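Secondary and tertiary structure notes
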Amino acid sequence: QLVESGGGLVRAGGSLKLSCTASGLTFSRYAMAWFRQAPGKEREFVTAITWGGSSADYADSVKGRFTISRDNTKNTMYLQMNSLKPEDTAVYYCAADLSRVLSHTPGLYDYWGQGTQVTVSS
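Residues numbered from 1 in each chain as written. Predicted model: local features only at pLDDT ≥ 70, side-chain atom pairs only at ≥ 80, totals over all residues. Heavy atoms only, no water.

1. Examining the nonpolar core
- Ranked by size, the top nonpolar core spans 37 residues in total, and within it Leu-2, Met-32, Trp-34, Phe-66, Met-77, Met-81 and Tyr-92 carry the most contacts.
- Listing elements by their share of this core, those giving two or more residues are strand E3 (16-22), strand E4 (31-37), strand E5 (44-49), strand E7 (66-71), strand E8 (76-81), strand E9 (90-97) and strand E11 (116-121).
- The residues contacting Phe-66, other than those within four sequence positions of it, are Arg-36, Val-46, Tyr-58, Leu-79, Gln-80, Met-81, Asn-82, Leu-84, Asp-88 and Tyr-92. (Core = buried A, V, L, I, M, F, W, Y, C linked by side-chain atoms within 4.5 Å. Buried < 20%, exposed > 50% of the residue type's maximum accessible area, 1.4 Å probe, protein only. Helix = DSSP H or I, 4+ residues; strand = E, 2+ residues; numbered from the N terminus. Contact = heavy atoms within 4.5 Å.)

Here it is, written out as structure tokens:
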């Protein structure tokens, strides 16, 4: 089970930090990712991190603004979001994948959280 938290309403230029806590799986064996879905749009890749945290991948739209990290001792992944823009508004989902390759494809992930809403006002 994956549970996201930390979403909310923030003004453009502000920051939020999301968390994703895992239970019922060996967290340290999974690559982890954040996806997001805005109303009327498909779910899109945001960022992913390898099981050990040594490597990460980012969508071009968030590079330099978002930072993914994880703490395997706490079974928790984080997403620090800075310089937020209205176009970042979406439901953010965390996902887990046993593969050692960081994938941008939602269908390849094994487990999903329920999502947390992030709203950025202009």
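2. Digging into the environment of Ser-61
- Inspection of the secondary structure assignment puts Ser-61 in the loop between strand E6 (56-58) and E7.
- For the pair formed by Ser-61 and Leu-9, sequence separation is 52 residues and the distance between their alpha carbons is 20 Å.

3. Thoughts on the sheet that holds E8
- Judged by pairing direction, the sheet is antiparallel, and its 4 strands sit side by side in the order E1-E3-E8-E7 without closing on themselves. The sheet is open, and its two edges are formed by strand E1 (2-5) and E7, each paired on a single side. On average, each strand axis in the sheet is tilted by 15° relative to the strand beside it, whichever way the strands run.
- Sheet analysis places E1 next to E3, joined by 4 bridges and oriented antiparallel. (Pairing = 2+ DSSP bridges. Axes fitted to C-alpha atoms, helices over the stretch in contact; angles between N-to-C directions.)

4. Observations concerning the packing of aromatic side chains
- For the coordinates displayed, the defined rule picks out 6 aromatic pairs.
- Relative to Trp-112, the ring of Tyr-93 has its centre 6.4 Å away and its plane inclined at 80°; by these criteria the two rings are edge-to-face. Taken together, the residues span a long stretch of sequence, with Tyr-93 in strand E9 and Trp-112 in strand E10 (residues 111-112) at a distance of 19 residues.
- In this structure Tyr-93 comes out as buried when scored by relative accessible area, which is 13%.
- Ring plane angle 65° and centroid distance 6.2 Å describe the contact between Tyr-109 and Trp-112, whose orientation is recorded as edge-to-face.
- On the basis of relative accessibility, which here comes to 28%, the residue Trp-112 falls in the partly exposed class.
- An aromatic cluster of three or more residues is present, and its members are Phe-35, Phe-45, Tyr-93, Tyr-109 and Trp-112.
- If you follow Arg-43 out to its NZ or CZ, it ends over the ring of Tyr-93, 3.7 Å from the centre.
- A cation sits over an aromatic face here: Arg-43 above Trp-112, 4.8 Å from the ring centre. (Phe/Tyr/Trp six-rings, centres within 6.5 Å; stacked < 30°, edge-to-face > 60°. Lys NZ or Arg CZ within 6 Å of the ring centre and 35° of its normal.)

Read these as layout, nothing more, since geometry by itself doesn't imply function.
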